Amino acid sequence: MRKVSALAASLVILCGFAAAQEQDFSKVQIKVTKVAGSVYMLEGADAGNIGASVGDDGIVIVDDQYAPLAEKIQAALKGITDKPVRFIINTHYHGDHTGGNGYFQKQAPIIAQDNVRKRLESGGPAGNGGSVHFDDKPQPKEALPIITFDHDVTIHLNGEDIRALYFPAGHTDGDSIIFFPKSNVVHMGDDFVTYGFPFIDVEAGGSINGMIDGVEKVIAQVPADVKIIPGHGPVSNLDDVRAYLKMLKETRDVVQTAIHQGKTLDQMKQSKMLDPWKKYSGDFINEDAFLETIYYSLTGQKNGKFIKHN
Ligand SMILES: [Zn+2]
């Protein structure tokens, strides 16, 4: 990992390639895109995409980026409708998706899977088990989701059955994917990103196999023309998700085979075994970092120590 500035580090930026970059939030503008039906996407800093269901009943938002952007996000929502925010859903606990919780929970309740609240409350280690590592601070009470669920929850507003469905042990151990069936849109959180090799928070219960399993299940249950909001990146379609899934499975398989052959992580790095997928190599998760991710995920190790999963 690159050196982070005190400012960036204090913001606990986790999921995106912006992880190690200082951001000047005063210059950030919120871009609003209509996705389909009653669903919009809001983009601001290099942080998690915000989904918004907007209709007669008000607004349901999915994720809320960083606290310093909360007022701008609010203003962007006002540009779509005067109706109030009714609920906020967190797809997972990372700070670039939950940073606005304290601000928005003054207006409406936050809903998330049980493990999101646990991790926000306790803080703790996050990372790929190897060179990518963060320590999260416990978050204040006002930022904790006040409604939590185990498996799924549905919000019946705006003529839509907005469903948050839990997918275990993918990007983290508390990921929900959010379905807007009437508008034919899905917000995949960080189980699907377009910035390259994904960050998998192996130290917070994420795993390569869980991510693959979750993505496969989503593909199996949505219409072919569904619009996909990724955790990071532009609005995508099912072909984009299929290509991403193919990369996840192929890279997982070559690492699994090498583990069976008794190769060490260092040997795998030296052989550049992920080179065929190097177009996915990014600033945040490069080939070596993704190799570590898969290796530690499949072996249950963290720098040689066993990782305790929930
Ligand atoms: Zn994340």
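All residue numbers refer to position in the chain's written sequence, counted from 1. Totals for whole chains, interfaces and linings use every residue, but because this is a predicted model, local features are given only for residues with pLDDT of at least 70 and side-chain atom pairs only at 80 or more, for both listing and counting. Only heavy atoms go into the side-chain values, all of them from the structure, while hydrogens and water stay out.

**Student:** Help me understand the packing of aromatic side chains in this model?
**Tutor:** Any aromatic ring pair is given by two values, namely how distant the centres are and how the planes are angled relative to each other. Each aromatic pair joins two rings of Phe, Tyr and Trp (for Trp, the six-membered one) with centres within 6.5 Å, and gets the label stacked for planes under 30 degrees apart, edge-to-face for over 60, and tilted for any other angle. Inspection of the entire model under this criterion finds 9 aromatic pairs. Pairing F199 with F284 gives two aromatic rings, centres 5.5 Å apart and planes at 50°, and the pair type is tilted. Note that F199 is positioned in the loop between β13 (185-187) and α6 (208-221) and F284 in the loop between α8 (265-270) and α9 (287-299), a separation of 85 residues in sequence. Buried means the residue's accessible area, taken with a 1.4 Å probe over protein chains only, is under 20% of the maximum for its type, while exposed means over 50%, and partly exposed covers the values in between. Residue classification places F284 among the buried residues on the basis of a relative accessible area of 9%. Ring geometry for Y295 versus Y296: centroids 5.5 Å apart, planes at 80°, classification edge-to-face. A relative accessible area of 17% means that Y295 is categorised as buried. Taking relative accessible area as the criterion, Y296 reaches 8% and is therefore assigned buried. Three or more aromatic residues joined by ring pairs form one cluster here, namely F134, Y195, F199 and F284. Strands are runs of DSSP state E lasting at least 2 residues, helices are runs of H or I lasting at least 4, and numbering of each runs from the N terminus.

**Student:** Any chance you could explain the pattern of salt bridges here in plain terms?
**Tutor:** Two side chains that carry opposite charge are able to pair once their charged atoms sit near each other. Each reported salt bridge corresponds to a side-chain nitrogen of Lys or Arg within 4 Å of a carboxyl oxygen of Asp or Glu. With the rule as written, the count across this model stands at 10 salt bridges. For D253, the salt bridge goes to R252, with nearest N and O atoms at 2.7 Å. Taking the relative accessible area as the measure of exposure, R252 reaches 16% and is therefore buried. Here K269 and E292 are joined by a salt bridge, their closest N and O atoms 2.8 Å apart. Linking K269 in helix α8 with E292 in helix α9, this pair joins segments that are 23 residues apart in sequence. A relative accessible area of 6% places E292 in the buried class.

**Student:** Would you take a moment to explain the packing of α6 against helix α7 (residues 238-260) for this structure?
**Tutor:** Each pair of packed helices can be summarised by the angle the axes make with each other and by the distance between the axes. Interaxial angles span 0 to 180 degrees and are taken between N-to-C directions of axes, which are lines fitted to C-alpha atoms, for helices over the stretch in contact. Their axes nearest at 10 Å, the elements α6 and α7 cross at an angle of 150°. Viewed along their axes, α6 and α7 adopt a mutual orientation that is roughly antiparallel. Of the two possible hands of crossing, α6 and α7 adopt the one that is left-handed. Across from I208, N209, M211, I212, V215, E216 and I219 in α6, the residues of α7 making contact are L238, V241, R242, Y244, L245, L248, K249 and R252. Residues of the contact of α6 with α7, tallied by class, amount to 10 nonpolar, 1 polar and 4 charged. We call two directions roughly parallel when the angle between them is under 35 degrees, roughly antiparallel when it is over 145, roughly perpendicular when it lies between 65 and 115, and oblique otherwise. Whether a crossing is left-handed or right-handed is set by the direction in which the near helix is turned from the far one by less than a right angle, anticlockwise for left-handed and clockwise for right-handed. Residue contacts are defined here by distance: any two heavy atoms, one from each residue, within 4.5 Å place the two residues in contact. Here the nonpolar group is Ala, Val, Leu, Ile, Met, Phe, Trp, Tyr, Cys and Pro; Asp, Glu, Lys and Arg are the charged ones; every other residue, Gly included, is treated as polar.

**Student:** Looking at this structure, I do not really get the pairing of strand β6 (residues 110-113). What am I missing?
**Tutor:** Moving residue by residue along a regular strand, the side chains alternate between the two faces of the sheet. A pair of strands counts as paired when DSSP detects no fewer than two bridges linking them. In the sheet, strand β5 (residues 85-89) pairs with β6 via 2 bridges, with the strands oriented parallel. Across the sheet, I88 pairs through a bridge with I110, a residue of β6. Relative to strand β9 (residues 147-149), β6 runs parallel, the two sharing 3 bridges. Counted as the bridge partner of A112 is T148 from β9.

**Student:** What is the right way to look at the side chain of D201 in this model?
**Tutor:** Position of D201 among the secondary structure elements: in the loop between β13 and α6. It turns out D201 is buried and unbridged, and the closest side chain with the opposite charge, R119, is 6.5 Å from it. Not counting residues up to four positions away in its chain, the partners in contact with D201 are Y93, H94, A126, G127, H171, T172 and G206. As used throughout, the charge tally considers Lys and Arg to be positive and Asp and Glu to be negative, leaving His and the chain termini uncounted.

**Student:** Got a minute to help me understand the environment of P145 in this structure?
**Tutor:** The topology assignment puts P145 in the loop between β8 (133-136) and β9. Residue P145 is classed as buried on the basis of its relative accessible area, which comes to 0%. The residues contacting P145, other than those within four sequence positions of it, are N90, Q105, I110, I111, A112, V116, R117 and L120.

**Student:** Looking at this model, I keep getting lost on helix α5 (residues 114-122). Mind explaining?
**Tutor:** Count 3.6 residues to each turn of an α-helix, and residues three or four apart come out pointing the same way. Three or more residues of α5 are buried, namely N115, V116, R119 and L120. One side of α5 holds all its buried residues, which, seen down the axis, span an arc of 135°. Each element contacted by the buried residues of α5 is listed here: α3 (95-98), α4 (101-104), β6 and β11 (160-167). N or O atoms within 3.5 Å of each other form a polar contact, as long as, within protein, one can give a hydrogen and the other can take it, and as long as residues adjacent in sequence are counted only when both atoms are side-chain atoms. Between a side-chain oxygen at the N-terminus of α5 and the backbone nitrogen of N115 the separation is 2.8 Å; the capping residue is Q113. Backbone geometry just downstream of α5 places G123 in the positive-phi region, at approximately 65°. The directions from the helix axis to the C-beta atoms are what the arc is built from.

**Student:** Would you mind showing me how to read the environment of D283 here?
**Tutor:** Relative to the helices and strands, D283 is located in the loop between α8 and α9. Residues D283 and K272, spaced 11 residues apart in sequence, show a C-alpha to C-alpha distance of 17 Å.

**Student:** What is the right way to read the nonpolar core from this model?
**Tutor:** The nonpolar side chains of a soluble globular protein tend to be buried, and buried together. What we call a nonpolar core is a set of buried Ala, Val, Leu, Ile, Met, Phe, Trp, Tyr and Cys residues that are connected through their side-chain atoms within 4.5 Å. Among the nonpolar cores identified, the biggest contains 53 residues, and V186, M188 and F290 are the most heavily contacted of them. For this core, the leading source of residues is α7, giving 8 residues. The residues contacting V186, other than those within four sequence positions of it, are I177, I178, F179, V218, V222, V226, K227, I228 and I229. Among the nonpolar cores identified, the runner-up in size contains 23 residues, and V28, A52, L69 and A70 belong to it.

Treat this as a map of the structure, not an account of what it does.
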